[in-house]
Amino acid sequence: MDILGREQSSPVAGVPYREGIFSVWNDPAKFGLFYHAALLYENGGDAARMLSLLARVSDGTEEYNKAMRMKVQLLCDYYTYDGAYEGSYTLGNAFTAGSSIIVDYRAISNDDISVSYRLTEEMTAPKKEMGVQLYSVRSLIGTPELFAKNHKYVLSRLVQMGYTSAEVASYEGGKFSGLSPKEFRSVINSAGLEISSSHTTRPLTRAELASGDYSEALSWWEECIAAHKEAGITRLIMSYANKIDNEAGLKVMAEYLNAIGEMCNAAGIRFGYHNHSAELERVGRTTMLDYLLTNTDPAKVFFQLDVYWTVMGGASPVEYMQKYAGRFEMIHIKDKYEIGQSGMVGFEPIFRNFRKAGVQAFVVEMEYASTPNILKGLRESALYLRNAEYVK
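What this report covers is the structure whose coordinates are included nearby.

Basis of the calculations
Residues numbered from 1 in each chain as written. Predicted model: local features only at pLDDT ≥ 70, side-chain atom pairs only at ≥ 80, totals over all residues. Heavy atoms only, no water. Helix = DSSP H or I, 4+ residues; strand = E, 2+ residues; numbered from the N terminus. Buried < 20%, exposed > 50% of the residue type's maximum accessible area, 1.4 Å probe, protein only. Areas by Shrake-Rupley, 256 points an atom, 1.4 Å probe, with all protein chains shown as cover. Pairing = 2+ DSSP bridges. Contact = heavy atoms within 4.5 Å. Core = buried A, V, L, I, M, F, W, Y, C linked by side-chain atoms within 4.5 Å. Salt bridge = Lys/Arg side-chain N within 4 Å of Asp/Glu carboxyl O. Phe/Tyr/Trp six-rings, centres within 6.5 Å; stacked < 30°, edge-to-face > 60°. Axes fitted to C-alpha atoms, helices over the stretch in contact; angles between N-to-C directions.

Looking only at helices and strands, the protein has 19 helices and 12 strands in total. Looking at the protein as a whole, 52% of its 392 residues qualify as buried. For the protein, the computed accessible surface area is about 16,900 Å², with 51% contributed by carbon and sulfur atoms.

In the Ramachandran plot, Ser 177 falls in the positive-phi region, its phi being about 55° despite a non-glycine side chain. Along the polypeptide, Ser 177 turns up in the loop between β4 (175-176) and α10 (181-190).

With respect to burial, strand β5 (residues 194-200) is a largely interior element, 6 of its 7 residues being buried. Sheet analysis places strand β2 (residues 165-168) next to β5, joined by 4 bridges and oriented parallel. Among the inter-strand pairings, Ala 166 is bridged to a residue of β5, identified as Ile 195. When β5 meets strand β6 (residues 235-238), the two strands line up parallel, connected through 3 bridges. Following the sheet pairing, His 199 is matched in β6 by Ile 237.

This part covers the side chain of Gln 133. Turning to its location among the elements, Gln 133 is positioned in strand β1 (residues 131-133). Those residues within four positions of Gln 133 in sequence are excluded, and the remaining contacts are Glu 167, Val 168, Ala 169, His 199, His 332, Val 363, Val 364 and Glu 365.

Note on placement: Gly 173 falls in the loop between β3 (171-172) and β4. For the pair formed by Gly 173 and Trp 220, sequence separation is 47 residues and the distance between their alpha carbons is 9.2 Å.

Here we come to the environment of Ala 299. Its place among the elements puts Ala 299 in the loop between α14 (288-295) and β10 (302-306). Considering only alpha carbons, one finds Ala 299 and Asn 258, 41 residues apart in sequence, at a separation of 9.1 Å. Excluding its chain neighbours within four sequence positions, the residues that come into contact with Ala 299 are Asn 265 and Arg 270.

Time to look at the nonpolar core. With 88 residues, the main nonpolar core has Tyr 163, Met 253, Tyr 256, Ile 331, Ile 333 and Phe 362 as its most contacted residues. Per-element tally for this core: the top contributor is helix α13 (residues 247-266), with 9 residues. Ignoring sequence-local partners within four residues, the contact set of Ile 333 consists of Val 307, Ile 339, Phe 347, Ile 350, Phe 351, Phe 362, Val 363, Val 364, Glu 365 and Leu 385.

Per the counting criterion, the structure on display carries 13 salt bridges. Where Glu 380 meets Lys 376, a salt bridge forms, and the shortest distance between an N and an O atom there is 2.7 Å. Of the two residues, Glu 380 and Lys 376 are both situated in helix α19 (residues 374-387); the distance of 4 residues between them amounts to about one turn of the helix. In this structure Lys 376 comes out as partly exposed when scored by relative accessible area, which is 23%.

So, about the pairing of strand β12 (residues 361-364). In regular strands, side chains alternate between the two faces of the sheet. In this sheet, β12 lies alongside β1 in parallel orientation, the contact comprising 2 bridges. The residue of β12 that forms the bridge with Val 132 is Val 364. Examined bridge by bridge, strand β11 (residues 330-333) and β12 share 4 bridges and lie parallel to one another. The residue bridging Ile 333 from the neighbouring strand is Val 364, located in β12.

Here we take up the packing of aromatic side chains. Enumeration over the complete set of coordinates arrives at 14 aromatic pairs. Summarising the aromatic geometry, the rings of Phe 176 and Phe 184 are spaced 5.3 Å apart at their centres and angled 20° between planes, so their arrangement reads as stacked. We note that Phe 176, like Phe 184, is buried. Pairing Phe 351 with Phe 354 gives two aromatic rings, centres 4.7 Å apart and planes at 35°, and the pair type is tilted. Among the aromatic residues, ring-to-ring pairing joins Phe 147, Tyr 171, Phe 176, Phe 184, Trp 220, Trp 221 and Phe 271 into one connected group.

The next thing to look at is the sheet that holds β5. Consider a sheet: its strands pair through backbone hydrogen bonds, and that pairing is either parallel or antiparallel. Read around the closed barrel, the 8 strands follow the order β1-β2-β5-β6-β7-β10-β11-β12; overall the barrel is parallel. In this sheet, neighbouring strand axes are inclined to one another by 30° on average, regardless of whether the strands run parallel or antiparallel. Here α10 sits on the sheet and contacts β2 and β5; the angle it forms with β5, its principal contact strand, is near 130°.

This is the structure in structure tokens:
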């Protein structure tokens, strides 16, 4: 039977449907135990304690406990972090004030897809090499304090959604999320994710652009590159630069990128530049993006094309990929909210041009979701791409 007590065969081996699952919601004592187990899981608590609580509401079999653990995870996705900035939680409120809704499970089934079906989707969708930008979950792990509190749950869910690598965005002062480079890498790898790349930046000031003296900035990059080398990160990407509105400034910027790239090469790291829409604005007879693509050394600098910001800048990602084939080693796959939802970005032609353009990897980034629940949005984006036949 499924979680609503209906007859149903198990679509996935090891995740059975048992009549006993539904009994949890009708027994207040068992429901209380399940609630405390969910809170433990949500807050990265003692796994053994969580399992012992679940065992008291189960039929004693490991298969049942596995199903219960997965239900806890889904409940956390739907009732944790929705609007939970600064680490405040709403799961407890959902279990208390909204317990009658949760008991019959309609809150999670409003879109006519049961939790069991959602789990089945994650387990059976085609597996693909797919990165995720951890800036997407900044409200959950974006500070050292939040990272320490929430990273186990958040990273484990990203892996279950199908993401295979992480692009990090938390370098500051020689550390990542408050951890040493080696500690940070160990945490990410232990969760089941490789580190594909890292976003950070030291933009040039107006004074540096005007004088052409960026020696102080290069000193900052020297420390930054050393930390990334210690973390074993092989791609370092400048995530943002101030808008430049004159060609003299563009010339200095191109020289700056080449200098950083040369430093990265010496450390065995590839250096890249990430665009936003401002780089598509006209500067004389060119744009900032075109100028940098034309005046940087491909051996020192690659580019990470953000397809959403390119569209927002009034340009075609595919045309750029074709015009500058070989320069875009990485692509940011992004939409206004969930991938594919807005209809603004033509993802199929973008992916079909990957090989010809020399794209080596893509990273999903969500700056915002259509609801306050960013994990739900990242899950929908992952499944969209995993099920798209043109994504190889």
